[in-house]
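# What the coordinates show
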Amino acid sequence: MPVDVASLDHARALDAADPLASFRERFYLPEGKLYFDGNSLGLLSTDAEAAVLNALDQWKRLAIGGWMEAEPAWFTFGEELGRLAAPLVGAEADEVVVTGTTTVNLHNLTATFYRPEGERRGIIATGLDFPSDIYALQSQIRLKGGDPDRDLIIVPSRDGRTIEEDDLIAAMTNQVALAMLPSVLYRSGQLLDIARLSAAAHERGLLIGFDCAHSAGSVPHQFDRDDVDFAFWCNYKYLNAGPGSVGAIYVNRRHFGATPGLTGWWGYHKERQFDMRHTWEGAPGAGAWQISTNPLLSAAPVLGSLRMIGEAGFDRMREKSLAMTNYLISLLESSGLLDAPYHYRIGTPRDVRRRGGHVSVEHDAGPKIAKALKQLGVIPDFRPPDVVRLAPIPLYTSYADIWEVVQRLRQVIDTGLYLQMPEGRDLVS
Ligand SMILES: Cc1ncc(COP(=O)(O)O)c(C=O)c1O
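Structure report, in brief. (Residues numbered from 1 in each chain as written. Predicted model: local features only at pLDDT ≥ 70, side-chain atom pairs only at ≥ 80, totals over all residues. Heavy atoms only, no water.)

## Side note on the packing of aromatic side chains
For clarity, the cut-off: Classification of ring pairs rests on two measures: the distance between centres of Phe, Tyr or Trp rings, Trp counted by its six-membered ring, which must be within 6.5 Å, and the angle between planes, read as stacked under 30 degrees, edge-to-face over 60 and tilted in between. Strands are runs of DSSP state E lasting at least 2 residues, helices are runs of H or I lasting at least 4, and numbering of each runs from the N terminus. We call a residue buried when its accessible area falls under 20% of the maximum for its residue type, exposed when it is over 50%, and partly exposed in between, using a 1.4 Å probe and counting protein chains only. Look at NZ for Lys and CZ for Arg. If either is within 6 Å of the ring centre and within 35 degrees of the ring normal, a charge sits over the ring.
Taken as a whole, this structure holds 14 aromatic pairs when the rule is applied. When the centroid spacing of 4.8 Å and the interplanar angle of 55° are considered together, the rings of Phe27 and Tyr396 count as tilted. A residue pair is termed long-range when its members are at least 10 positions apart, and Phe27 in the loop between helix H1 (8-16) and strand S1 (34-35) and Tyr396 in the loop between strand S13 (387-390) and helix H14 (399-414) qualify at 369 residues. With a relative accessible area of 7%, Phe27 lands in the buried category. Their ring planes at 90° and their centres at 5.5 Å tell us that Trp67 and Trp74 sit as a pair that is edge-to-face. For Trp67, a relative accessible area of 26% gives the class partly exposed. On the accessibility criterion, Trp74 (7% relative accessible area) is buried. Linked through ring pairs, Trp67, Trp74, Phe75, Trp265, Trp266 and Phe274 together constitute an aromatic cluster. Between the NZ or CZ atom of Lys270 and the centre of the ring of Phe75, over which it lies, the distance is 4.5 Å.

## Examining the side chain of Lys371
The line we're drawing: Contacts were defined at the residue level, with two residues in contact if any of their heavy atoms lie within 4.5 Å.
Structurally, Lys371 can be placed in helix H13 (residues 366-375). A relative accessible area of 12% places Lys371 in the buried class. When sequence neighbours within four positions are dropped, the list of residues in contact with Lys371 reads Met421, Pro422, Glu423, Gly424, Arg425 and Asp426.

## Quick look at the environment of Asp167
Checked against the element boundaries, Asp167 lands in helix H8 (residues 165-170). Expressed as a C-alpha distance, the spacing of Asp167 and Gly264, which sit 97 residues apart in the sequence, is 38 Å. Once residues lying within four places of it in the same chain are set aside, the contact partners of Asp167 are Val155, Pro156 and Arg158.

## Quick word on the nonpolar core
Put simply, the test is: Among buried residues, those of type Ala, Val, Leu, Ile, Met, Phe, Trp, Tyr and Cys that are joined through side-chain atoms within 4.5 Å constitute a nonpolar core.
Counting 62 residues, the largest nonpolar core has Ile124, Met172, Leu181, Leu197, Phe210, Phe223 and Trp233 as the members making the most contacts within it. By size, the runner-up hydrophobic cluster in this structure holds 37 residues, among which are Leu8, Ile346, Leu373 and Met421.

## Brief notes about the sheet that holds strand S12 (residues 381-383)
Going by this rule: A strand pair is defined by DSSP finding two or more bridges across the two strands.
If you trace the four strands from one edge of the open sheet to the other, you get S9-S10-S13-S12, paired in antiparallel fashion. Strand pairing shows two members of the sheet lacking a second neighbour, strand S9 (345-346) and S12, which therefore form its edges. One ladder, built from four bridges, connects strand S10 (residues 359-362) with S13; its direction is antiparallel. Bridge pairing in S13 links Ser360 to Arg389.

## Details of the site of the ligand
Going by this rule: Think of it this way: one heavy atom of a residue within 4 Å of a molecule or strand is enough to make that residue near it. We call two N or O atoms a polar contact when they sit within 3.5 Å, provided that within protein one can donate a hydrogen and the other can accept it, with sequence-adjacent residues counted only if both atoms are side-chain atoms.
Every residue close to the ligand is listed here: Thr102, Thr103, Phe130, Asp133, Asp211, Ala213, His214, Tyr236 and Lys237. Interatomic distance of 2.5 Å between a side-chain N/O atom of Thr103 and an oxygen atom of the ligand. Within the side chain of Asp133, an N or O atom sits 3.3 Å from a nitrogen atom of the ligand.

## Examining the environment of Thr101
By the secondary structure assignment, Thr101 is in the loop between strand S2 (96-98) and helix H5 (102-113). Thr101 sits in the partly exposed class, given a relative accessible area of 36%. Sequence-wise, Thr101 and Pro87 are 14 residues apart; in three dimensions their C-alpha atoms are separated by 20 Å. Once residues within four sequence positions are removed from consideration, Thr101 is found in contact with Gly244, Ser245 and Gly247.

## Structural notes on the packing of helix H12 (residues 314-334) against H14
Let me state the cut-off plainly: Only the stretch in contact is used when fitting a helix axis, every axis being a line fitted to C-alpha atoms; angles between N-to-C directions are given from 0 to 180 degrees. Roughly parallel refers to an angle under 35 degrees, roughly antiparallel to one over 145, roughly perpendicular to one between 65 and 115, and oblique to any angle outside these ranges. By convention, the crossing between two helices is left-handed when the near helix turns anticlockwise from the far helix through less than a right angle, and right-handed when the turn is clockwise. Residue type decides the class: Asp, Glu, Lys and Arg count as charged, Ala, Val, Leu, Ile, Met, Phe, Trp, Tyr, Cys and Pro as nonpolar, and the leftover types, Gly among them, as polar.
Look at H12 against H14: their axes get within 10 Å of each other, and the N-to-C directions meet at 30°. Classified by the angle their axes make, H12 and H14 are roughly parallel. In the crossing of H12 with H14, the sense of the turn from one axis to the other is right-handed. On the side of H12, the interface is formed by Lys320, Ala323, Met324, Tyr327, Leu328, Leu331 and Leu332, while H14 contributes Tyr399, Ile402, Trp403, Val406 and Leu409. Looking at the contact of H12 with H14 residue by residue, the classes come out as 11 nonpolar, no polar and one charged.

## Side note on the packing of helix H4 (residues 77-85) against helix H11 (residues 296-312)
Between two packed helices, both the angle of their axes relative to each other and the distance between the axes serve to describe the pair. Here H4 crosses H11 at 25°, and the two axes come no closer than 10 Å. The orientation of H4 with respect to H11, classified from their angle, is roughly parallel. Relative to H11, the crossing made by H4 is left-handed. Here H4 contributes Phe77, Leu81, Leu84 and Ala85 to the contact with H11, which in turn contributes Leu296, Ala299, Ala300, Val302, Leu303, Leu306 and Arg307. Across the contact of H4 with H11, the residue classes break down as 10 nonpolar, no polar and one charged.

## Describing the pattern of salt bridges
We apply this condition: We count a salt bridge whenever a side-chain nitrogen from Lys or Arg sits within 4 Å of a carboxyl oxygen from Asp or Glu.
With the rule as written, the count across this model stands at 28 salt bridges. Between Asp227 and Arg254 there is a salt bridge, with its nearest N and O atoms 2.4 Å apart. Within this pair, whereas Asp227 is found in the loop between helix H10 (223-226) and strand S7 (230-233), its partner Arg254 is found in the loop between strand S8 (248-251) and H11, the two being separated by 27 residues in sequence. Linking Arg353 and Asp351 is a salt bridge whose minimum nitrogen-to-oxygen distance equals 2.9 Å.

## Some points on the environment of Arg161
One can find Arg161 in the loop between strand S4 (152-155) and H8. Under the relative-accessibility criterion, Arg161 is labelled partly exposed at 26%. Spatially, the C-alpha atom of Arg161 lies 8.8 Å from that of Gly189, the residues being 28 residues apart in sequence. With near-sequence residues (within four places) excluded, Arg161 lies in contact with Leu128, Leu185, Ser188, Gln190, Arg345, Ile346, Gly347 and Glu362.

Next up, the structure:
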C-alpha cells in the first residue's frame, strides 16, 4: 500500500523516526494547546528552569561571593555565555557576548559603527524591518547630526513579503556608510543571503550589521566566514530564555579595540575594572560592548538553553526545522487549503536557502483566523495586515502537532468559526 503522506499515521511515523523527539519531554508545553509561537516567545525548558534555580541558590549561599565563586562566575557570565553561543553564529568565543537587550544592543552597535563622513551619511534598512530597528536608526542618525528623512535609505519590497538582495546592493552607493539589515524578515520569514550582502557592502566601502532576532537559535550562521562586521539578537525567541531575557552581540575581531559608541564599566578590561579609573580601557573582545552589570536572573536561562542546543546539535535542529516547515507547506498544498473556499496563501519562500524557522500563512481575514485558531487551542501569532505566523520548533514541536494545526486551519473555515470573531487584532497579537 502506498503511504498516504497527508495522513496522521504518516505524521506519527515521522515523529517515531525523529532523533530529536525526546527533547520535547524537557519543555513545559501549555496543556491542551498546540504551541506554534516559539518564534515570538520560546517555551521554558527544565534545563533553563534548573539554571535559574541554580542562580538563585548561588545567590542564597554565596551572596556577593558569587561574582567570582559561582559556577560559572557571575563576573564573566556574559563572556561565558558568549563562548557557548559563538558556534551558533560561526564565531570565535571572544567575538560574542551575552549582554543588553535587542534594541539597546542595536543602539550601541550603530553608535559605534555608523560613522558618517562627508557625503557618506546613509544607513540602508528595508521597508519590511521590525519597527524598533527603524526607530533606533532614526535616532542614531539624529544623534550624529543627520536627517533621518534623507539619511535612512529604506529599500522597498517588490512583493510586500520579501526583499531582493539585488535591490539592497543597488542601494549601496558611495553615499552610504552602513547597511543594517535583518537576517530573517520577521513577517515572511525570508532569510537574506548574508555572505553575498557582506561581500557587496565591503566592495563598496561600507560596513554591514545584521539583526538576527529571527534567526539566532534557528538558522546556523557563519559570521566570520561571511565577514559580517557585527550582529545582535535576542534569546527569548528560538533560544527559549524567557520573556525579555538578556540579548547578545557579535563583533568581528577586526573591530576589536574600537571604542563602543555607548561605553559602561561592564565593558572595561576585566582585570582592571575594579581599579575604578576614569580613563576608558575596553575589554579586548566583544565584551567591551557590555554596558551594565549582567542581569544574572535573566541571563541564567540562556545557560540552560545553550547547553541543551549543544547536546541536541544545532545542524540537526536546522535540518529538522526545514523538514517541518516543508511538511507544513506541503500539507497545506495537498489538503487544498490554498484553493477555494479556503484561500490561504504562503508568504514564506519555498526555497529552503531563503527560509528561516517559521511559515507565514496569509489570509484576507487574518486577524479573525488567528483568533479562531486560538479558540481551537492553537497558539500562533498575528502580524498585520494578514499574516498568521506558525513556527514548528525542532526541540518541542511534533509532526503530529503540525498535522493537527492544518486540520484546525481547515476547521475554522469549514465551520465558519472565524466569521464569528470580533474585528481587529488583540492588543498583543
Ligand atoms: C527583528 C526584531 N528586532 C528587534 C526587536 C526588538 O526586541 P527588544 O524588545 O528585545 O528590543 C524584535 C522583537 O521582537 C524583533 O523581532
